[in-house]
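# Survey of secondary and tertiary structure
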Amino acid sequence: MEKITLGPVPYMSVMPTLLVGANVKGKANYMTAAWATVACMAPPMVCVALNKARYTVKGIEENKTFSLNIPSTGQVVEADHCGLVSGAQEDKSEGFASFYGKLKSAPMAKECPVNIECRLFKSVDCGSHLLYIGEVAEIHADKACVTDGKPDVVKIRPIVYAQTTYFDVGKQVEKAFSVGKKYSKK
Ligand SMILES: Cc1cc2nc3c(=O)[nH]c(=O)nc-3n(C[C@H](O)[C@H](O)[C@H](O)COP(=O)(O)O)c2cc1C
């Protein structure tokens, strides 16, 4: 297959749509973020890249805590709104019913089926963006979205982000760590 070059852009095929929760000056703020993933197994860590201009950055620096909230496809309007408007311009605390967990200072949105409560482990200054690595203090999940003690992607219906568009999760293709056993050298 012929390859063409597309330039050095920060591309990733698909990303999650998350709401980063942080208390700024004692008030909850939620911002949309897609540049996020798992960072470590033991201790459990996740990470998210935030532009230095985000209002949310002030809150994470202030409290050294934050949350990653996973909205469902039914919350796509609310999720996109948090990415269109800054907490510096509008009070976004009213958009969700906030609750607090172990860390006391990381606001979490009750309406989101899963909330990842994080204590700041480290921030890496990458240039335009700060990569915030958070140690997971607790996972809060709606009981109805859990199967065998684990968050269930079919029940959660997370919003997939790609090409400035929101998608639903597609059909299962195969089982990971399993289908590869069928591999045979040609
Ligand atoms: C789908 C989507 C994904 C986004 N992902 C990020 C991201 O990963 N990092 C970031 O810094 N901004 C991201 N943004 C932009 C911020 O959400 C936006 O600037 C927001 O208004 C910042 O809110 P704040 O100023 O209250 O923190 C995203 C926006 C949208 C709509």
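Scope of this entry: the structure provided in the associated data block. Since this is a predicted model, take the numbers as computed values, not measurements.

### Description of the overall build of the protein chain
Helix and strand counts for the protein chain stand at three helices and 14 strands. When the backbone C-alpha atoms are referred to their principal axes, the protein chain occupies close to 60 × 45 × 35 Å. Looking at the 186 residues of the protein chain, the share that counts as buried comes to 40%. The contacts of the protein chain with a sequence gap of at least 6 include a subset with a gap of at least 24, amounting to 61%. Once the 23 positive and 18 negative side-chain charges of the protein chain are each reduced to a mean point, those two points are 7 Å apart.

### Some remarks on the site of the ligand
Taken together, the neighbourhood of the ligand is formed by 22 residues, with T32, N51, T56, S86 and G87 sitting nearest. In the model, an oxygen atom of the ligand is placed 2.6 Å from a nitrogen or oxygen of the S86 side chain. Surface burial for the ligand is 88%, taken as the share of its 650 Å² of free accessible area covered by protein chains. Elements with a contribution of two residues or more to the shell around the ligand: β3 (27–33), β5 (45–51), α1 (55–63) and α2 (76–84). Looking at the shell around the ligand element by element, the count peaks at four residues for β3.

### Examining the pairing of strand β2 (residues 18–24)
When you tally the buried positions in β2, you get seven out of seven residues, the bulk of the element. With burial as the criterion, each face of β2 is covered, one bearing L18, V20, A22 and V24 and the other bearing L19, G21 and N23. Relative to β3, β2 runs antiparallel, the two sharing seven bridges. By the bridge assignment for β3, G21 is matched with Y30. Connecting β2 to the next strand, β3, in antiparallel fashion are two residues, including K25 with a positive phi near 50°.

### Digging into the environment of I116
Within the secondary structure, I116 sits in strand β9 (residues 114–125). Note: C-alpha distance between I116 and E135 (19 residues apart in sequence) is 9.6 Å. Those residues within four positions of I116 in sequence are excluded, and the remaining contacts are V46, F66, S67, L68, I70, V136, E138 and I139.

### Structural notes on the sheet that holds β3
If you trace the seven strands from one edge of the open sheet to the other, you get β3-β2-β6-β9-β10-β5-β4, paired in antiparallel fashion. Edge strands, defined here as strands with exactly one partner in the open sheet, are β3 and β4 (36–40). Shown here is a sheet whose adjacent strand axes are inclined to one another by a mean of 35°, direction ignored. Note: β2 against strand β6 (residues 65–70), three bridges, orientation antiparallel. Across the sheet, residue G21 finds its bridge partner in β6, namely S67.

Cut-off values and rules
Residues numbered from 1 in each chain as written. Predicted model: local features only at pLDDT ≥ 70, side-chain atom pairs only at ≥ 80, totals over all residues. Heavy atoms only, no water. Helix = DSSP H or I, 4+ residues; strand = E, 2+ residues; numbered from the N terminus. Buried < 20%, exposed > 50% of the residue type's maximum accessible area, 1.4 Å probe, protein only. Contact = heavy atoms within 4.5 Å. Lys, Arg positive; Asp, Glu negative; His and termini not counted. Charge placed at Lys NZ, Arg CZ, Asp CG, Glu CD. Near = heavy atom within 4 Å. Polar contact = N/O pair within 3.5 Å; in protein donor to acceptor, adjacent residues only side chain to side chain. Areas by Shrake-Rupley, 256 points an atom, 1.4 Å probe, with all protein chains shown as cover. Pairing = 2+ DSSP bridges. Axes fitted to C-alpha atoms, helices over the stretch in contact; angles between N-to-C directions.

By themselves these figures say nothing about function.
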